[in-house]
Amino acid sequence: MDLPSNILTLLGVMLGLTLGSFLNVVIMRFPSQLYFQWQKECRDYLDIENQGDIRKSPNIIFPRSHCFSCKANLSFVQNIPILSFVALRGRCAHCAAIISPQYPVVETLGAIATTIALLNFGLTFPAAGAMIFSYCLIVLGFIDLREKLLPDEITLPLLWLGLIINIEGTFASLEASVIGAIFGYLILWSLFWTFKLVTGKEGMGYGDFKFLAALGAWLGWQMLPLVLLMASSMALFAGVIGIISKRLDRGETIAFGPYLAIAGYLVFYLGQNAIEVYLRLSNF
Ligand SMILES: [Zn+2]
């Protein structure tokens, strides 16, 4: 359906802000839900009784949105994305605890990603694909940043979805997509083992391999070198800044997921152009 771009923009911003606040909930609650499950599985496996600490499993839907400091529930108005953050000047209305700037940041990213998807593809099936892709990247990037964890529960469905969506060659040919998934995993897997055998240290996690495999499935194998180049330059840059500003100890690892997410997103929209420009330049 052809809609004028101002209507698509409005739609994108409204939809994106709403979904963005849901993405925040996933980012904040999904990891603790996973830790809870893993602890329970370990206890069950080792046949250990639950030692008095019978908490309810945290859940994406319940409890309602509340302040992390004083646990006061948020009213409907206080749940409105960005506007409520601005109106409250970033503090809880009940206890004045500082609200993490992550909330408005993720909501804004959600709005931008949704609008870009709609403006690029219109109200189409590929636009829905581009949105889901962007949302997964936002969630994975922020969870990895906070917890140094890229959950299989997100990376693996993202991988499958990339393969399925490219059956019709939506964003890459099916062949490029399948090879991309395989090579995405293998490149980082072999780097990991080379690094580990040489230095005895682990520089990455298996989540990174699965994430790059998913990016390969969505973008096609041709884009993987560009993704890796961009992600590792950004990670290197951030690492150097971190060491200079003493916020990062030497030898401490940084989460690679956020950089894979940024690079994957940029290459999704700009990759084809970047490669064409490169080929044209290298012909001179
Ligand atoms: Zn509070």
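Residues numbered from 1 in each chain as written. Predicted model: local features only at pLDDT ≥ 70, side-chain atom pairs only at ≥ 80, totals over all residues. Heavy atoms only, no water.

Trainee: A description of the overall build of the protein chain should follow, citing residues and the corresponding values.
Mentor: Per the secondary structure count, the protein chain includes 9 helices and 0 strands. Taking 284 residues into account, the globule formula puts the C-alpha radius of gyration at 19 Å, and the protein chain, at 21 Å, falls close to it. With the principal axes as the frame, the protein chain shows a C-alpha extent of 65 × 55 × 40 Å. Across the protein chain, contacts joining residues at least 24 apart in sequence account for 70% of those joining residues at least 6 apart. Element-wise, carbon and sulfur atoms account for 67% of the exposed surface of the protein chain, whose accessible area totals about 16700 Å². Here the protein chain contributes 18 positive and 18 negative side-chain charges, whose respective centroids are spaced 12 Å apart. (Helix = DSSP H or I, 4+ residues; strand = E, 2+ residues; numbered from the N terminus. Rg over C-alpha atoms; globule rule 2.2 N^0.38 Å. Contact = heavy atoms within 4.5 Å. Areas by Shrake-Rupley, 256 points an atom, 1.4 Å probe, with all protein chains shown as cover. Lys, Arg positive; Asp, Glu negative; His and termini not counted. Charge placed at Lys NZ, Arg CZ, Asp CG, Glu CD.)

Trainee: I'd love a proper account of the side chain of lysine 210, names of residues and values included.
Mentor: Considering the arrangement of structural elements, one finds lysine 210 in helix 7 (residues 206-219). We classify lysine 210 as buried; its relative accessible area is 17%. Residues in contact with lysine 210, not counting those within four places in the same chain, are Asp152, Thr155, Leu156, Leu159 and Tyr185. (Buried < 20%, exposed > 50% of the residue type's maximum accessible area, 1.4 Å probe, protein only.)

Trainee: I'd like to hear about helix 3 (residues 102-121), residue by residue, with values.
Mentor: Along its 20 residues, helix 3 runs 28 Å from first to last C-alpha, staying within 8% of the 28 Å computed at 1.5 Å per residue. Buried positions along helix 3 lie against helix 1 (5-46), helix 2 (83-87), helix 4 (125-147) and helix 9 (257-283). Taken from the residues just after helix 3, glycine 122 is the one with a positive phi, measuring 70°. (Expected span 1.5 Å × (residues − 1).)

Trainee: An account of the coordination of the zinc ion is needed here, citing residue identities and associated values.
Mentor: Donor atoms from the polypeptide that bind the zinc ion are Cys67 (SG), Cys70 (SG), Cys92 (SG) and Cys95 (SG), placed at 2.3 Å. The site at the zinc ion holds 4 donor atoms, and with the angles between them running 103 to 115°, its shape is tetrahedral. Sequence positions of the residues that donate to the zinc ion give the spacing C-x2-C-x21-C-x2-C. Note on cysteine 70: relative accessible area 31%, which makes it partly exposed. (Donors = N, O, S within 2.8 Å, 3.2 Å for Na, K, Ca; no water. Tetrahedral: all angles 85-135°; square planar, octahedral: opposite > 155°, others 65-115°.)

Trainee: Explain the domain arrangement of the protein chain residue by residue, including any values.
Mentor: Entries for the protein chain in the domain assignment read domain 1 (1-123) and domain 2 (149-284). Centre-to-centre separation of domain 1 and domain 2, based on C-alpha positions: 25 Å. Taken together, the contact pairs 10 residues of domain 1 with 8 residues of domain 2. In total, domain 1 and domain 2 occlude about 660 Å² of area from one another, counting both sides; carbon and sulfur atoms represent 79% of this. Where domain 1 packs against domain 2, one counts 0 salt bridges. At the boundary of domain 1 and domain 2, one finds 0 residue pairs in polar contact (both at pLDDT 80 or more). Per-class residue counts for the side of domain 1 that touches domain 2 are 9 nonpolar, 1 polar and no charged. (Domains from an automatic or database assignment. Buried area = accessible area lost by both parts, 1.4 Å probe. Salt bridge = Lys/Arg side-chain N within 4 Å of Asp/Glu carboxyl O. Polar contact = N/O pair within 3.5 Å; in protein donor to acceptor, adjacent residues only side chain to side chain. Nonpolar A, V, L, I, M, F, W, Y, C, P; charged D, E, K, R; others polar.)

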